[in-house]
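# Inside the fold
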Amino acid sequence: MTKRQVFFSFHYDNDSWRAAQIKNMGKVSESSTFSANDWEEVKEEGDSKIEAWIDEQMAKRSCLVVLIGAKTSNRKWINYEIKKAYELNKGIVGIYINKLENSSGEQDDEGDNPFDHVYIPGVDLSKHVKCFKSEHKTSKYVYRDIEENIQDLIEYGIENKPSTW
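Since this is a predicted model, take the numbers as computed values, not measurements. (Residues numbered from 1 in each chain as written. Predicted model: local features only at pLDDT ≥ 70, side-chain atom pairs only at ≥ 80, totals over all residues. Heavy atoms only, no water.)

## Observations regarding the pairing of strand β2 (residues 63-68)
- β2 sits mainly inside the fold: six of its six residues count as buried.
- Note: strand β1 (residues 6-9) against β2, four bridges, orientation parallel. Bridging across to β2, Ser9 finds its partner in Val66.
- Two strands pair when backbone bridges link them, and β2 and strand β3 (residues 91-96) are joined in this way by six bridges, in the parallel orientation. In the strand pairing of β3, Cys63 is matched with Gly91.
- As for the winding sense of the linkage, the β-α-β connection from β2 through helix α4 (residues 76-87) to β3 is right-handed. (Buried < 20%, exposed > 50% of the residue type's maximum accessible area, 1.4 Å probe, protein only. Helix = DSSP H or I, 4+ residues; strand = E, 2+ residues; numbered from the N terminus. Pairing = 2+ DSSP bridges. Right-handed = clockwise from strand over helix to strand, strands pointing away.)

Right, dumping it as structure tokens:
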């Protein structure tokens with residue numbers, strides 16, 4: 001299976017460790033968007049620079065993968081990224097990552113579905129966007145479950161992108 005270039009969307013402060021686990025699975029292209037240094041640099045330059053960076057990065061990717069943690073839903077930049085993926089007709093999927101352990105070995109509470117909080121006139125995103133939630137309880141098995149399913153989930157998102165709704 002081809003490794004896709006994806007744009008990872010997640011709450012940086014809360015979930016960067018969990019997001020790194022997903023990126024490091026080796027299931028997506030190495031050029032997929034995930035650079036803590038890039039984000040740290042661009043966020044200091046203001047909203048217009050952040051938008052320009054997101055727009056540029058999103059244009060290069062085939063799918064938006066929203067990594068859903070306890071505090072992901074209804075965040076300004078995550079909402080922007082979801083809307084931008086919709087506008088660009090990119091694949092869009094969600095993966096709940098709250099049961100992956102963070103750097104302190106802690107799991108987190110399940111957060112709200114972020115697609116319930118993004119308003120696009122005439123479109124109920126939560127009815128169209130597939131979100132993966134592992135049934136496992138322990139981080140090791142959740143990791144394995146995501147690893148086994150992420151590529152198929154991304155392909156599903158690409159095959160069922162907004163233009164097919």
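## Notes on the environment of Asp15
- Within the secondary structure, Asp15 is located in helix α1 (residues 12-23).
- The class of Asp15 is buried, set by a relative accessible area of 0%.
- In this structure the C-alpha to C-alpha distance between Asp15 and Leu100, which are 85 residues apart in sequence, comes to 9.5 Å.
- Residues in contact with Asp15, not counting those within four places in the same chain, are Phe10, Gly69, Ala70, Thr72 and Ile97.
- Within the structure, the side chain of Asp15 is placed 3.4 Å from the side chain of Asn14, a separation counted as a polar contact. (Contact = heavy atoms within 4.5 Å. Polar contact = N/O pair within 3.5 Å; in protein donor to acceptor, adjacent residues only side chain to side chain.)

## Observations regarding the confidence of the model for the protein chain
- When the pLDDT values of the protein chain are averaged, the result is 92; 96% of them are 70 or greater.
- Within the protein chain, the lowest mean pLDDT, 69, falls on helix α2 (residues 36-43), and the highest, 98, falls on β3. (pLDDT = per-residue confidence, 0-100.)

## Considering the packing of aromatic side chains
- A complete count under the given rule lists four aromatic pairs for this structure.
- Ring geometry for Trp77 versus Tyr80: centroids 5.8 Å apart, planes at 75 degrees, classification edge-to-face. Of this pair, Trp77 and Tyr80 are both found in helix α4, three residues apart, which corresponds to roughly one turn of the helix. Across the pair, Tyr80 and Trp77 agree in class, each one buried.
- Measuring from centroid to centroid gives 5.8 Å for Tyr86 and Trp165, while their planes differ by 35 degrees, and the two rings are tilted. Taken as a pair, Tyr86 in helix α4 and Trp165 in the segment after α6 (139-159) lie far apart in primary sequence, 79 residues in all.
- The partly exposed category is assigned to Tyr86, whose relative accessible area is 25%.
- In this arrangement the basic side chain of Lys130 is found over the ring face of Tyr156, its NZ or CZ atom lying 4.5 Å from the centre.
- Above the plane of the ring of Tyr96 lies Lys133, whose end atom (NZ or CZ) is 4.8 Å from the centre. (Phe/Tyr/Trp six-rings, centres within 6.5 Å; stacked < 30°, edge-to-face > 60°. Lys NZ or Arg CZ within 6 Å of the ring centre and 35° of its normal.)

## Focus: the sheet that holds β2
- The strand order across the open sheet built from four strands is β1-β2-β3-β4, with neighbouring strands paired in parallel fashion. Looking along the sheet, the strands with just one partner apiece sit at the ends: β1 and β4 (130-132). Across this sheet, the average inter-strand angle for adjacent strands is 25 degrees, counted without regard to direction.
- Helix-sheet contacts for α4 involve β1, β2 and β3, and the interaxial angle to β2 is about 155 degrees. (Axes fitted to C-alpha atoms, helices over the stretch in contact; angles between N-to-C directions.)

## Here's the deal with the packing of helix α3 (residues 47-59) against α4
- Interhelical geometry of α3 versus α4 gives an angle of 40 degrees and a closest axis separation of 11 Å. With respect to α4, the axis of α3 lies oblique. Crossing handedness for the pair α3 and α4: right-handed. Counting all contacts with α3, which are made through Asp47, Ile50, Glu51, Ile54, Asp55 and Met58, the residues of α4 involved are Lys76, Trp77, Tyr80, Glu81, Lys84 and Ala85. (Parallel < 35°, antiparallel > 145°, perpendicular 65-115°, else oblique. Left-handed = near helix turned anticlockwise from the far one by under 90°.)

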